[in-house]
Amino acid sequence: MGYVGAVSGACFARMGHEVIGIDVNRGKVDTINTGGSPVVEEGLSALMQEAHTAGKISATVDPIEAVLRSDISLVSVGTPTATDGTQALGALDAVVTSIGQALRRKSEPHTVVVRSTVMPRTTEDRIRPSLEQAAGRRLGDRLELSFNPEFLREGAAIKDFFHPPFIVVGGVGAEGCSQVNALYNGIDAPIFSTTASIAESLKYACNAFHAVKITFANEMGAVFKAIGLDSREAMRLFCEDRDLNISPAYLRPGFAFGGSCLPKELRAIVGMAKSARVDLPMLSNVLQSNDQHIARAFDMIQRRGRRKVALFGLAFKPGTDDLRESPLVTLAERLIGKGFELAIFDRSVDLARLTGTNLEYIEREIPHLDRLVTNSAEETLAGARTIVIGHAPRDVVDSIVGAAAGRCVIDLQGVSALKELPDVDYEGICW
Ligand SMILES: NC(=O)c1ccc[n+]([C@@H]2O[C@H](COP(=O)([O-])OP(=O)(O)OC[C@H]3O[C@@H](n4cnc5c(N)ncnc54)[C@H](O)[C@@H]3O)[C@@H](O)[C@H]2O)c1
């Protein structure tokens, strides 16, 4: 009956469910049983009072009694950071054990839903075994377990509960999440079913992204202010771009960025901030993070031994011959530097036609490139033991799929057909 439990309890009661709030804190339990709210949250006192008057909510310190009288247990105890930096799961373990013990006295089906934020795999690897052991029954035997992340924001929690961007339910085991989905009948939001581990990871991705967004806006704000600009106007216009800025663009995990603009402009912002004596810890580390990603790809290749490598894609993205600051050029350069034999294919890159800064870049970075670039996928694949897919069009992917058997494939693009092949040593960059 903390922020999440109390808000959800009152909101589920408003939706017509019968809610029993459980907490170890007797004061909170007494407050709920007299129609009050155990936490301060906009609109919650009125909602609690309404649920209490309608007889839709009550509270107890006895989890056994509550489990025996209900169909679903929603667990939203705290999961704070422990002194050693890990997640403290003591309260969660205690609750799961008591639910399991109660289930030994209950023959009807029961569903357990974890709503506390927990590290990916906790529900599957930690909660499942302790619940099954305490309950003396396995998932599927009148017992369902899922993870259903909560996205509400304190201060707007009731509004967020009734108007969420989406509802995500991650099931454990073969059983579906139908019981949990039914809880939300009446809420107008898409419901996505996935695995518990993905649902757990999603919660971290959301919170990390929100933190990064705020820090990004504040770092831009600090540097723009330092040069005498009102950053709010720049960021207001920034948010008007719904195609590239406020959109799913650039949010698919894959290989590193490059090209003639992003790295150059990042260096310029960091340089601008330096001259204005403004520290930008996040933005000034972005290029380093990008370089780490190239290093990850290199390590994946190197781990497989020093064998002949076929590299597909060289330009910084498909469909261009712009090689400037291409992460694939950097990767190729590192492989050559470490003595790998390399064959490269990128249909858009015709070395004979490179001119200007693009040509200068290549002459400076990998001057012997022309020796390594081939004219067809087949020629590139000949004799290669490791295939690296930076980017490749569909017909080239088909050639790679046809020739991949018995070889290693390092996939920086995300070719699902390759992941499924049986006789391939496959590794993806972020999957
Ligand atoms: N606060 C938020 O905005 C928010 C949003 C989404 C997710 N979350 C996550 O939800 C979880 C709960 O967050 P919160 O802010 O509601 O925490 P909170 O500290 O406000 O509430 C936790 C409650 O659990 C109770 N509790 C502890 N041990 C118990 C036990 N053994 N049996 C019964 N009750 C017990 C505590 O007395 C307390 O009332 C956390 O994992 C948090 O990360 C929080």
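Look up a bit, the structure's there.
In this report, we go over the structure that sits alongside the text. (Residues numbered from 1 in each chain as written. Predicted model: local features only at pLDDT ≥ 70, side-chain atom pairs only at ≥ 80, totals over all residues. Heavy atoms only, no water.)

## Some details on the overall build of the protein chain
Right, so step 1: Looking only at helices and strands, the protein chain features 18 helices and 12 strands.
Right, so step 2: The burial tally for the protein chain puts 43% of its 431 residues in the buried class.
Right, so step 3: Pairs at least 24 residues apart make up 69% of the contacts formed inside the protein chain by residues separated by at least 6 positions.
Right, so step 4: Split by element, the accessible area of the protein chain, about 22100 Å² in all, is 52% carbon and sulfur.
Right, so step 5: Averaging the positions of the 46 positive and the 53 negative side-chain charges in the protein chain gives two centres separated by 2 Å. (Helix = DSSP H or I, 4+ residues; strand = E, 2+ residues; numbered from the N terminus. Buried < 20%, exposed > 50% of the residue type's maximum accessible area, 1.4 Å probe, protein only. Contact = heavy atoms within 4.5 Å. Areas by Shrake-Rupley, 256 points an atom, 1.4 Å probe, with all protein chains shown as cover. Lys, Arg positive; Asp, Glu negative; His and termini not counted. Charge placed at Lys NZ, Arg CZ, Asp CG, Glu CD.)

## Points about the packing of helix α12 (residues 286–302) against helix α13 (residues 327–337)
Right, so step 1: Orientation of α12 relative to α13, taken along the N-to-C sense of each, is 45°, at an axis distance of 10 Å. Between α12 and α13, the angle is such that the two are oblique. Both α12 and α13 take part in a crossing whose hand is right-handed. Seen from α12, the contacting residues are Asp 291, Ile 294, Ala 295, Ala 297, Phe 298 and Ile 301; seen from α13, they are Pro 327, Thr 330, Leu 331, Arg 334 and Leu 335.
Right, so step 2: By residue class, the composition of the contact of α12 with α13 is eight nonpolar, one polar and two charged. (Axes fitted to C-alpha atoms, helices over the stretch in contact; angles between N-to-C directions. Parallel < 35°, antiparallel > 145°, perpendicular 65-115°, else oblique. Left-handed = near helix turned anticlockwise from the far one by under 90°. Nonpolar A, V, L, I, M, F, W, Y, C, P; charged D, E, K, R; others polar.)

## Details of the side chain of Glu 150
Right, so step 1: Tracing the backbone shows Glu 150 in the loop between β5 (143–147) and α7 (157–162).
Right, so step 2: A polar side-chain atom of Glu 150 sits 2.8 Å from a polar atom in the side chain of Arg 115.
Right, so step 3: For Glu 150, the residues in contact, after removing those within four places along its chain, are Val 4, Ser 8, Arg 115, Phe 161 and Lys 203. (Polar contact = N/O pair within 3.5 Å; in protein donor to acceptor, adjacent residues only side chain to side chain.)

## Points about the nonpolar core
Right, so step 1: In this structure, Leu 331 and Leu 412 are the most contacted members of the largest nonpolar core, which totals 31 residues.
Right, so step 2: Looking at this core, the elements that each hand over two or more residues are α12, β8 (309–312), α13, β9 (342–345), α14 (356–365) and α15 (369–372).
Right, so step 3: Apart from the residues within four sequence positions on either side, Leu 331 is in contact with Phe 255, Ile 294, Ala 297, Phe 298, Ile 301, Val 388 and Leu 412. (Core = buried A, V, L, I, M, F, W, Y, C linked by side-chain atoms within 4.5 Å.)

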